[in-house]
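An overview of the molecular structure
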Amino acid sequence: MVGTIVSEFGDTDELIQSVHKELLALRAAHGRLTVEKFSQFPALILVFGGGDLLEAFLGFEREMRRYIAEGNRDAAAAAFSITAPADTVLDRLEYVVTEIEAEDGEFRDQRTGRRWSDRGIKTIAAEMVHVAEVRGRLGSELLTIEISGNWQEGLHLTISQLTNKALDERAPLVRFWKHQGDNLVEQSEGLTLDFDEYKAPEVANDMFRLKRYHIIAEIPDEIDDIKVDLGDTLYSISLEGRDAPMRTVTFVDTSDLGPGLDLQFTTYRTLATVEIVRTALAA
């Protein structure tokens, strides 16, 4: 699914121009490639990490290694001119022509390396932005899960989904699970909720959209009789992101399940899970 950027960089074409300018500036900057050096380039941080500096830096390094290993001559020259182990751009461009043999075998100097690198940077700037759009890197999602309630009333979940307004996002898919020893059993009878099928309250401004969903999860009485070890899960609720971009999940817990039970929260990639865990054996 292709996303569309809405930020200070404007539309896709404007973002490509920004990335192109930043790649040239990164190449020209003194010193070897480091997180500190990379941190001065917000368009690259957006494209490779959705705004997260460390993720963007690691992703950028991986992409540079890929261009060196698999790209054509100009793409490899662009990558070498940014990542070569030298402090000055002239030394890095000299490194380019020592690492990439000329097709005709003639002598080449840093001016040749610059021409190759210039062409490569122009091409890979567009590639970087388009790949980021396809992967959904140009959108962000903040999912907040607020939990209240008790054993008798059930768990009340309020799920707030904040995304970039132009992102073609989908709502979470929610499933309810019973745990029977080592077996995980999805509850039936309509207890899988696809929020794409429901109209949620929504507010928006020029850049962001906030949707809010409410669930009451009734806790089955019979799970209290399940014999499990301390620390084992009795019941869980999973919230699955679909076509999710850069996701951040937070949990707020004001529930009271009584003695011997507690809630635990986990998030991995696009999956967030709320688990009812046995913390003490019933008297």
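For the structure, check the block above.
Conventions we followed
- Residues numbered from 1 in each chain as written.
- Predicted model: local features only at pLDDT ≥ 70, side-chain atom pairs only at ≥ 80, totals over all residues.
- Heavy atoms only, no water.
- Helix = DSSP H or I, 4+ residues; strand = E, 2+ residues; numbered from the N terminus.
- Buried < 20%, exposed > 50% of the residue type's maximum accessible area, 1.4 Å probe, protein only.
- Areas by Shrake-Rupley, 256 points an atom, 1.4 Å probe, with all protein chains shown as cover.
- Core = buried A, V, L, I, M, F, W, Y, C linked by side-chain atoms within 4.5 Å.
- Contact = heavy atoms within 4.5 Å.
- Axes fitted to C-alpha atoms, helices over the stretch in contact; angles between N-to-C directions.
- Parallel < 35°, antiparallel > 145°, perpendicular 65-115°, else oblique.
- Left-handed = near helix turned anticlockwise from the far one by under 90°.
- Nonpolar A, V, L, I, M, F, W, Y, C, P; charged D, E, K, R; others polar.
- Polar contact = N/O pair within 3.5 Å; in protein donor to acceptor, adjacent residues only side chain to side chain.
- Phe/Tyr/Trp six-rings, centres within 6.5 Å; stacked < 30°, edge-to-face > 60°.
- Lys NZ or Arg CZ within 6 Å of the ring centre and 35° of its normal.
- Patch = residues over 30% accessible without salt bridge, like charges linked within 9 Å, V, L, I, M, F, W, Y side chains within 5 Å.
- Salt bridge = Lys/Arg side-chain N within 4 Å of Asp/Glu carboxyl O.

Structural notes on the overall build of the protein
- Within the protein, the secondary structure is distributed over seven helices and eleven strands.
- Relative to its full complement of 283 residues, the protein shows a buried share of 48%.
- Accessible surface for the protein amounts to roughly 15,000 Å². Of this, 49% is attributable to carbon and sulfur atoms.

Some words on the nonpolar core
- One finds Val19, Leu23, Phe38, Leu44, Phe60 and Met128 to be the most contacted residues of the largest nonpolar core, which totals 29 residues.
- Of all the secondary-structure elements, those providing two or more residues to this core are α1 (12-28), α3 (42-49), α4 (53-70), α5 (73-83) and α7 (110-134).
- Every residue in contact with Phe38, bar those within four places of it in the chain, is listed here: Leu26, Leu33, Leu44, Ile45, Leu53, Ala56, Phe57 and Phe60.
- Ranked by size, the runner-up nonpolar core spans 28 residues in total, among them Ala200, Tyr213, Leu261 and Val274.

A word on the packing of α1 against α3
- At a minimum axis separation of 8 Å, α1 and α3 run at an interaxial angle of 115°. Relative to α3, α1 is oriented roughly perpendicular. As for how α1 packs across α3, the hand of that crossing is left-handed. On α3, the residues that touch Leu15, Ser18, Val19, Glu22, Leu23 and Leu26 of α1 are Pro42, Ala43, Leu44, Leu46 and Val47.
- The residue makeup of the contact of α1 with α3, split by class, is nine nonpolar, one polar and one charged.

A word on the side chain of Thr273
- By secondary structure assignment, the location of Thr273 is in strand β11 (residues 271-278).
- Overall, the relative accessible area of 12% leaves Thr273 in the buried class.
- Those residues in contact with Thr273 that lie beyond four places of it in its chain are Ser236, Ile237, Ser238, Phe251, Gln264, Phe265 and Thr266.

Observations regarding α3
- For α3, a buried count of seven out of eight residues is recorded, marking the element as mostly surrounded by other parts of the structure.
- Those residues of α3 not exposed but buried are Ala43, Leu44, Ile45, Leu46, Val47, Phe48 and Gly49.

Focus on the packing of α5 against helix α6 (residues 89-99)
- Between α5 and α6, whose axes approach to 8 Å, the crossing angle comes to 135°. Compared by their axis directions, α5 and α6 come out oblique. The two elements α5 and α6 meet at a crossing, and its hand is right-handed. Here Ala77, Phe80, Ser81 and Ile82 of α5 lie close against α6, whose contacting residues are Arg92, Leu93, Tyr95, Val96 and Glu99.
- Looking at the contact of α5 with α6, its residues break down into six nonpolar, one polar and two charged.

Re the environment of Arg209
- With respect to the secondary-structure elements, Arg209 resides in strand β7 (residues 208-217).
- Each C-alpha atom, one on Arg209 and one on Asn164, is 6.2 Å from the other, the two residues being 45 residues apart in sequence.
- In this structure the side chain of Arg209 is engaged in a polar contact, spanning 3.3 Å, whose partner is the side chain of Glu202.

Topic: the packing of aromatic side chains
- Scanning the model with the defined rule gives six aromatic pairs in all.
- Three or more aromatic residues joined by ring pairs make a cluster, and in this case those are Phe38, Phe48, Phe57 and Phe60.
- The ring centre of Tyr67 lies 4.7 Å from the NZ or CZ of Arg66, which sits over that ring.

What to know about a nonpolar patch on the surface
- Taken together, the side chains of Leu142, Leu162, Met207 and Phe208 make up a nonpolar region of the molecular surface, amounting to roughly 280 Å² of accessible area.
- On the basis of relative accessibility, which here comes to 31%, the residue Phe208 falls in the partly exposed class.

Things to note about the pattern of salt bridges
- Tallied over the entire structure, the rule returns seven salt bridges.
- Linking Arg119 and Asp74 is a salt bridge whose minimum nitrogen-to-oxygen distance equals 3.2 Å. Of this pair, Arg119 sits in helix α7 while Asp74 sits in helix α5; the two residues are 45 residues apart in sequence, bridging distant segments of the chain.
- Looking at Arg119, the relative accessible area reads 40%, which means it is partly exposed.
- With a relative accessible area of 16%, Asp74 lands in the buried category.
- A salt bridge links Arg175 to Glu240; the nearest nitrogen and oxygen atoms lie 2.5 Å apart. Residue Arg175 is located in strand β3 (residues 173-180), and its partner Glu240 is located in strand β8 (residues 233-240); the two are separated by 65 residues in the primary sequence.
- By sharing partners, the salt bridges in this structure join Arg73, Asp74 and Arg119 into a single network.

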